[in-house]
Amino acid sequence: MQLLSDRILNMATSATLAMAAKARELRGEGKDIIGLSLGEPDFNTPDFIKEAAIQAVNENYNSYSPVDGYADLKEAIITKFKRDNNLTYTPAQIVVSTGAKQSLANIAGVMLNAGDEVILPCPYWVSYSDIVKLNDGVPVEVKTSIDTDFKMTPAQLEAAITPNTKMIWFSSPCNPSGSVYSKSELRGLADVLVKHPNIYVVSDEIYEHINYGEGHTSMAEFEDMFNNTITVNGVSKAFAMTGWRVGYIGAPEKIARACNKLQGQITSGTNCIAQRAVITALNEAPSRVQYMIDEFKVRRDLILDLLNDVEGFKTNTPEGAFYVFPNVTHYFGKTLRGKKINNATDFSLYLLEEALVATVTGEAFGNPDCIRISYAASQDQIIEAIKRIKAAVTE
């Protein structure tokens, strides 16, 4: 009898976390690593949110919270959905979880049976595929390219649908590409999906406020998609609260109740102090964190300008999040400083070892032609990182 389950043995390690661990290891050896691998804002949590947490501690919030979240936090989420997304939910349709990642795991756990297919436009967030597989689902990858800004077309969606299709998962703004689906582009996908009323959409909107274009549209805003969409969000990115671990969903009530049931057997309620702080965060206007978004846009323009001067990096202009996702196939098959570059993973490791810059291979996101570079770092770090990368790839 083997010690570990087939389930865990077949699961991939998160590539973003693995690269971060490798970078920490090299730092421990005294090497000056610039980390551009993690999807984590480099800002501090705003003071008005921290003060709310301190107040919660002083008010002795220390008991188990309701599994699906405090009632007044759910009301704050309902207000946020209405204010920012024109979506109307009831408390029974909201479930608060320990990060949006748990929200996604809950959804997969309550909706997928063996053989159910989940369409994943590539590139997709690194954990989507393994969460689906962990719950006996079948990821169906739909390839996109930098030439179409990494967006899936309605024709591609239609071609990917089979009698076994249960769901489609996507993020907009997208991690890792920074792509943002416009309202008309989402409507085009919705026009396909309304012909298949048994398919549900998981709309991951964790980066919604980090948007530099025409603004954010939620799939559930379309009246004919509302009852077939689970909207996933949280506070980690826009409010610089990654470690606070609070995510939430707005969903059809039957799905929300099932997520509540599952969560009750896995983790129960989310950290009580973090929940109290999130009430304050969501009740404030998004303009309170606009300074972060403005700085991210400056950094995006900076890193694109610098990468355009590096041979072999093909870039587009991402409209959201804080990543660039350059195509680096120019280097495949080449030998740099005695190291053969066969794929994006080789290239990402080469940059870590030779340029001392941590990035992430695109293979982890379903796109083997690219690497992900986070610009959630200071402008000085970005300038130095791209200088090192340019030196490392220049023969």
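Okay, so let's go over this structure. Model, not experiment: these values are computed from the prediction.

About the cut-offs
Residues numbered from 1 in each chain as written. Predicted model: local features only at pLDDT ≥ 70, side-chain atom pairs only at ≥ 80, totals over all residues. Heavy atoms only, no water. Helix = DSSP H or I, 4+ residues; strand = E, 2+ residues; numbered from the N terminus. Rg over C-alpha atoms; globule rule 2.2 N^0.38 Å. Buried < 20%, exposed > 50% of the residue type's maximum accessible area, 1.4 Å probe, protein only. Contact = heavy atoms within 4.5 Å. Lys, Arg positive; Asp, Glu negative; His and termini not counted. Charge placed at Lys NZ, Arg CZ, Asp CG, Glu CD. Expected span 1.5 Å × (residues − 1). Salt bridge = Lys/Arg side-chain N within 4 Å of Asp/Glu carboxyl O. Pairing = 2+ DSSP bridges. Axes fitted to C-alpha atoms, helices over the stretch in contact; angles between N-to-C directions. Phe/Tyr/Trp six-rings, centres within 6.5 Å; stacked < 30°, edge-to-face > 60°. Core = buried A, V, L, I, M, F, W, Y, C linked by side-chain atoms within 4.5 Å.

Moving on: the overall build of the chain. For the chain, the helix and strand inventory stands at 13 helices and 14 strands. What you see for the chain is a C-alpha radius of gyration of 21 Å, in line with the 21 Å of a compact globule of 395 residues. Projected onto its principal axes, the C-alpha positions of the chain cover 60 × 55 × 55 Å. Split into buried and exposed, the 395 residues of the chain put 55% on the buried side. Looking at the chain alone, contacts between residues at least 24 apart form 74% of all its contacts between residues at least 6 apart. Where the 37 positive side-chain charges of the chain centre and where its 47 negative ones centre are 2 Å apart.

Now for helix α11 (residues 290–307). Counted at 1.5 Å a residue, the expected span for α11 with its 18 residues is 26 Å, and the 26 Å between its end C-alpha atoms agrees. When α11 is considered as a whole, its buried residues turn out to be M292, I293, F296, R299, R300, L302, I303, L304 and L307.

Attention now moves to the environment of E363. By secondary structure assignment, the location of E363 is in the loop between β13 (360–361) and β14 (371–374). On the basis of relative accessible area, E363 is assigned to the partly exposed category, the value being 37%. Residues E363 and P123 lie 240 residues apart in sequence; the distance between their C-alpha atoms is 8.8 Å.

Before going further, it helps to spend a moment on the pattern of salt bridges. Side-chain pairs of opposite charge can arise whenever the charged atoms involved come near each other. Overall, the coordinates contain 26 salt bridges when judged by the stated rule. Its salt-bridge partner being D309, residue K390 comes within 2.7 Å of it at the nearest N-O pair. With K390 in helix α13 (residues 379–393) and D309 in the loop between α11 and β9 (323–324), this pair connects stretches of sequence that are 81 residues apart. Taking relative accessible area as the criterion, K390 reaches 33% and is therefore assigned partly exposed.

Here we come to the sheet that holds β9. Spatial strand order, β9-β14-β13: three strands in an open sheet with antiparallel pairing. Where the open sheet ends on each side, the last strands, each with one partner, are β9 and β13. Relative to β14, β9 runs antiparallel, the two being bridged by two bridges. Paired with V324 across the two strands is I373, which belongs to β14.

Read from one edge of the open sheet, seven strands run β2-β8-β7-β6-β5-β3-β4, paired in mixed fashion. Looking at strand neighbours, the two that pair on one side only are β2 (94–97) and β4 (138–142), the edges of this open sheet. Here the average twist between neighbouring strands, direction ignored, is 20°. In this fold helix α5 (residues 100–111) packs onto β2, β5 (165–171), β6 (200–204), β7 (229–234) and β8 (247–250), with an angle of close to 155° to the strand it touches most, β7.

The linkage connecting C122 with the following residue, P123, adopts the cis geometry, with an omega of 0°. Inspection of the secondary structure assignment puts P123 in the loop between β3 (117–121) and α6 (128–134). One non-glycine residue, N60, lies in the positive phi region at around 65°. Relative to the helices and strands, N60 is located in the loop between α3 (47–58) and α4 (71–85).

Where two aromatic rings form a pair, the distance of their centres and the angle of their planes describe that pair. Considering all chains together, one arrives at 18 aromatic pairs under this definition. Centre to centre, the rings of F81 and Y248 are 5.7 Å apart; their planes meet at 80°, and the pair counts as edge-to-face. Taken together, the residues F81 in helix α4 and Y248 in strand β8 connect sequence positions 167 residues apart. Aromatic pair F150 and F325: ring centres 5.3 Å apart, planes at 75°, arrangement edge-to-face. Of this pair, F150 sits in the loop between β4 and α7 (154–160) while F325 is found in the loop between β9 and β10 (335–336), placing the two residues 175 residues apart along the sequence. Overall, the relative accessible area of 3% leaves F150 in the buried class.

A word on the nonpolar core. Counting residues in each nonpolar core, the largest one holds 106 residues, and the members touching the most others are W169, I230, F313 and F347. The biggest single contributor to this core is helix α10 (residues 272–283), with eight residues. If sequence neighbours within four positions are ignored, I230 has contacts with I107, M111, M167, Y200, V201, V202, S203, I249, G250, A251, P252 and I255. By size, the runner-up hydrophobic cluster in this structure holds 20 residues, among which are L186, L189, L193 and V201.

Within the secondary structure, A344 is located in helix α12 (residues 344–355). Put simply, A344 and I119 are 225 residues apart on the chain and 23 Å apart in space, counted from C-alpha to C-alpha. Look past the residues within four positions of A344 in its chain and what remains in contact with it is F332, T361, G362, E363, P368, C370 and I371.

By themselves, these observations are geometric and do not establish any function.
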